[in-house]
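Residue-level listing of the chains:
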Amino acid sequence: MFSVVNATGGYGKTVIIQGVSLQVGKAEIVALLGRNGVGKSTLMRFATGLVPAMSGHVEIDGRLAPIAPAGRARLGLGYVPQGRFVFPRMTVAENIAVAAEANGHDGRAAVAAALREFPILGPKASDLAGGLSGGQQQILALARALATQPRILLLDEPTEGVQPSLVDEMAGTLLRINRERGIAVLVAEQDLDFCLSIAERAYVMEKGTIRLETTRDQLRADKRLQQDLLGV
Amino acid sequence: MEPDYLATVLLSSVSSASILLIATIGLAVVFGLMGVINLAHGEFLMIGAYAALTATQRGLPFALAIPVAVVITMLIGACVEVLIIRRLYGRLFDTMLATWGLSMIFYQLAVLIFGTVTPGIGMPQFGITIGRYSLAGYPLLMIAVAALMLAFVYGLLTRTVYGMKARAAIQQPEIAQAIGIESARVNTMTFAIGCGLAGFAGAVLLPIVPATPAMGFAFVVKAFLAVVVAGPVALTGSALTAIGLGGGASLTASFLTSVAGDAVFFVATAALLWLFPLGISASWRRRM
C-alpha cells in the first residue's frame, strides 16, 4: 500500500540516498536496518516529503503522493521523527490535539484516545511537552503521529535514548496498534532486537542504497550478516 | 507630594504604557509566531490610522472605522506575506531589511497620497478629576483596551485550533508540515493578524496620535525593543516589558523631562538585555 520508488535525494547538491525502492504492504511491519549514517533518516524524510526528490517518487495506495508533506499526512502518512521533536512550548494535550485537528479530526477525542492508549501521558497532559523526559517525549511523538489517524506509520529510531522497560512497552504498543487498527509500520532502527520483536521483514541499507531485503527468520539465523551489516 | 498628584501621575503613566502595549502586540505576535521582525509594523499602524481617518471623513462613525482599518491592514498584510515575507523565512536579518524597505515605500506613498500634515479627529470629550487634577478620559480608556486586546490575542493563540497550528508551525516547522499543518497558510494568517492588530492600534489611538506619514517611526523603535527584551514567550513577555519600560519611562518623564523618560527606557532596555541576552522570558515555562 506504500512504496518508495527509485528514490534519490539529499541536502543541497549532496546525494545521500540513491535509487532506493521499498514497499510496505497493508498492515505490515517492516524494518529498515543499517549502521549510523547510511541514509535511513534521509529515506524517511524523503518519504514524508521533507527531503525533496532529486528523482523517484512515493506512492500511497498506488497513487502518486503529493509533493507537500502536509498533503501526504492527510493521505495517511504518519511520521515520528528521530530525536522526537515534540512542540516544546505546547502542552502534551495540545501536541496531540493539533495533529488531529490538522487532519480534520476532533482534537478532544484524539487526546482522550491517546491518554487511554498511553496512560503514562495522563498526569502530564497539561504540562509543557518540552519538560518531559526523553522517553515520555518519544511516547508523545508516537501519540501525536497516531492522532493523525495514519494508515502507514514511519518511525525513525524510536528506541534511541529510551529506557529498556519503555522500549519493551513500545514494541507491545506498536504490535497492538498494528493488529487492532491495521496500521502499517516502517521502522528505521539500529536496535536489532527491537526490530526482530516486531517486524516480519527488513531492508538493510548501506551507503545510501538498499543492500538487501530479508525476512526476520533469515536475519535472526544469520549471525554473520548481523555482524557484517549492522555491527552487532 | 500630595496623593492626588501621585494618583494622577500614576494613572497617566499606566495609560501611556498601555498605549505602547497596544502598539506592540501585533509586532509581538508576528515575532513570537513567525520569528519575523516586521520593521514595517509602524507603517501598518499608520495605514490603520489613515484608514480610520478616511472612513470617519466619509461619515462613518469612529467605532465602525476601527474594524474597517483592521480589515484593510489585514488584507495588505496577507499580500505582503505572500509576496515578500514567505521567501525569507529563517533569514531574520533579510526580513528586517525587506520590511524596512517596505516601511519606506509605505511612508512615501502616505506622503504622496495624504501629504505630510493631516487634520486629526477630535478626542471624545470625557474625563475624570482627582482632587484639583483632571485627566482626559480617552487615554485612560486605553488601559482597558490594552487589557482586552491582550486577552483576545492570548485566547486566540491558546484556545483556538488556529492558535495551536500557528505555535506548532513556529516551534517545529518541518514536523508541523509532516503531521499535516499547512504552514504556509498558517503563516499568511499570522502575518495578516499581526498587521491587523497594528491597524487596530493605529485606528484606536487616532484620537490621541494623529495620523501622519511618520507616526509609525515613533512607535516602532520602542515596540521593537519591548519585543526583543521580552524574548521567546512573546505575548506575556511583551506585555510585561511594554508596561514596565513604557510605564517607567512615563513616570520618569512626569517628574523630570521627557528626554529623561526616554533615557530611562533605553538604559533599562540595555541593562535587561545585558542581564537576559535571550530576553527576560527565555526560561519561562509558559505557552505564549
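Because the structure is a prediction, the values reported are computed rather than measured.

Moving on, we come to the overall build of chain A. Regarding its fold elements, chain A presents 9 helices and 10 strands. Projected onto its principal axes, the C-alpha positions of chain A cover 45 × 35 × 30 Å. Every one of the 232 residues in chain A was classed for burial, and the buried ones make up 47%. Intrachain contacts of chain A at a sequence separation of at least 6 include 66% that bridge at least 24 residues.

This paragraph deals with the overall build of chain B. Scanning chain B from terminus to terminus reveals 11 helices and 2 strands. Ordered by position from the N terminus, the helices and strands of chain B form the series α-α-α-α-β-β-α-α-α-α-α-α-α. Taken over C-alpha atoms, the radius of gyration comes to 19 Å for chain B, in line with the 19 Å a tight globule of 288 residues would show. Dimensions along the principal axes, computed over C-alpha positions, put chain B at roughly 65 × 50 × 35 Å. A separation threshold of at least 6 residues defines the contact pool for chain B, and within that pool the share at least 24 residues apart is 77%.

A few words now on helix α3 (residues 92-102) of chain A. Summarising burial for α3 of chain A: 11 of the 11 residues are buried, a large majority. Residues of α3 of chain A that are buried: Val-92, Ala-93, Glu-94, Asn-95, Ile-96, Ala-97, Val-98, Ala-99, Ala-100, Glu-101 and Ala-102 of chain A. Close packing links the buried residues of α3 of chain A with α4 (107-117) and α5 (134-147) of chain A together with α6 (161-171) of chain B. Immediately downstream of α3 of chain A, the backbone of Gly-104 of chain A shows phi near 80°, a positive value.

Contact residues are listed per partner, giving 26 residues for chain A and 17 residues for chain B. Its residues assigned to classes, the side of chain A that touches chain B comprises 16 nonpolar, 5 polar and 5 charged.

Residue and element names in this part refer to chain A. Pairing within the open sheet is antiparallel, and its 4 strands lie in the order β2-β1-β4-β5. The sheet is open, and its two borders are formed by β2 (14-24) and β5 (63-64), each paired with just one other strand. As paired elements, strand β1 (residues 2-11) and β2 share 7 bridges and run antiparallel to each other. Note on β2: the bridge partner recorded for Phe-2 is Val-24. Seen against the sheet, helix α1 (residues 40-48) touches β1, β2 and β4 (53-60) and runs at an angle of roughly 115° to β1.

Time to look at the sheet that holds strand β3 (residues 29-33) of chain A. Residue and element names in this part refer to chain A. Read across the open sheet, the 6 strands follow the order β6-β7-β8-β3-β9-β10; overall the sheet is mixed. In this open sheet, the two edge strands, each paired with only one partner strand, are β6 (77-80) and β10 (209-215). Geometrically, the sheet is characterised by an average inter-axis angle of 20° between neighbouring strands, direction not taken into account. With 6 bridges joining them, strand β9 (residues 201-206) and β10 adopt antiparallel strand pairing. The residue bridging Ala-202 from the neighbouring strand is Thr-214, located in β10. On the sheet, α1 packs against β3, β6, β7 (152-156), β8 (184-189) and β9 and is oriented at approximately 150° with respect to β7.

This part is about the nonpolar core. Core analysis: the largest hydrophobic core is formed by 165 residues, its most contacted members being Ile-96 of chain A together with Ile-22 of chain B. The leading source of residues in this core is helix α1 (residues 3-34) of chain B, at 15 residues. In this structure, this core is formed jointly by two domains, domain 1 (1-76 + 151-232) and domain 2 (82-149) of chain A, each of which donates at least three residues. Excluding residues that lie within four positions of it along the chain, Ile-96 of chain A makes contacts with Ala-110, Val-111, Ala-114, Ala-143, Arg-144 and Ala-147 of chain A.

This brings us to the domain arrangement of chain A. Residues and elements named next belong to chain A. Looking at chain A, the domain boundaries give domain 1 (1-76 + 151-232) and domain 2 (82-149). Between the C-alpha centres of domain 1 and domain 2 the distance comes to 22 Å. Of the residues lining the interface, 13 residues belong to domain 1; the matching set on domain 2 comes to 9 residues. Among the elements of the structure, α2 (69-74), β7 and α6 (164-181) are those that each provide at least two residues to the side of domain 1 that touches domain 2. The class makeup of the residues in the side of domain 1 that touches domain 2 is 6 nonpolar, 3 polar and 4 charged.

Moving on: the environment of Gly-161 of chain A. Along the chain, the position of Gly-161 of chain A falls in the loop between β7 and α6. Residue classification places Gly-161 of chain A among the exposed positions, given that 12 C-beta atoms sit within 10 Å.

About the criteria used
- In this convention, every chain numbers its residues from 1, walking through the sequence in written order.
- Chain A is the first chain written and ligand 1 is the first ligand written, with later ones labelled in order.
- Local features in a predicted model are, by the rule used here, given only for residues with pLDDT of at least 70; side-chain atom pairs are given and counted only at 80 or more, and totals for whole chains, interfaces and linings are based on all residues.
- For the purposes of this entry, the term helix denotes a DSSP run of H or I that reaches at least four residues, the term strand denotes a run of E that reaches at least two, and both are numbered from the N terminus.
- Working definition of burial: number of other C-beta atoms within 10 Å of the residue's own, with buried at 20 or more, exposed at 12 or fewer, and partly exposed in between, all C-beta atoms being placed from the backbone.
- It is the C-beta atoms, placed from the backbone, that decide contacts: two residues are in contact if theirs lie within 7 Å.
- The atom set for the radius of gyration is the C-alpha atoms, and the globule formula is 2.2 Å times the number of residues raised to the power 0.38.
- Under the scheme applied, nonpolar residues are Ala, Val, Leu, Ile, Met, Phe, Trp, Tyr, Cys and Pro; charged residues are Asp, Glu, Lys and Arg; polar residues are all the others, including Gly.
- One requirement defines pairing of two strands: DSSP has to find at least two bridges between them.
- Structural elements are reduced to axes, namely lines fitted to C-alpha atoms, with helices fitted over the stretch in contact, and the angle between N-to-C directions of any two is expressed from 0 to 180 degrees.
- Among buried residues, those of type Ala, Val, Leu, Ile, Met, Phe, Trp, Tyr and Cys that are joined through C-beta atoms within 7 Å form a set called a nonpolar core.
- Just so you know, the domain bounds were taken from an automatic or database domain assignment.

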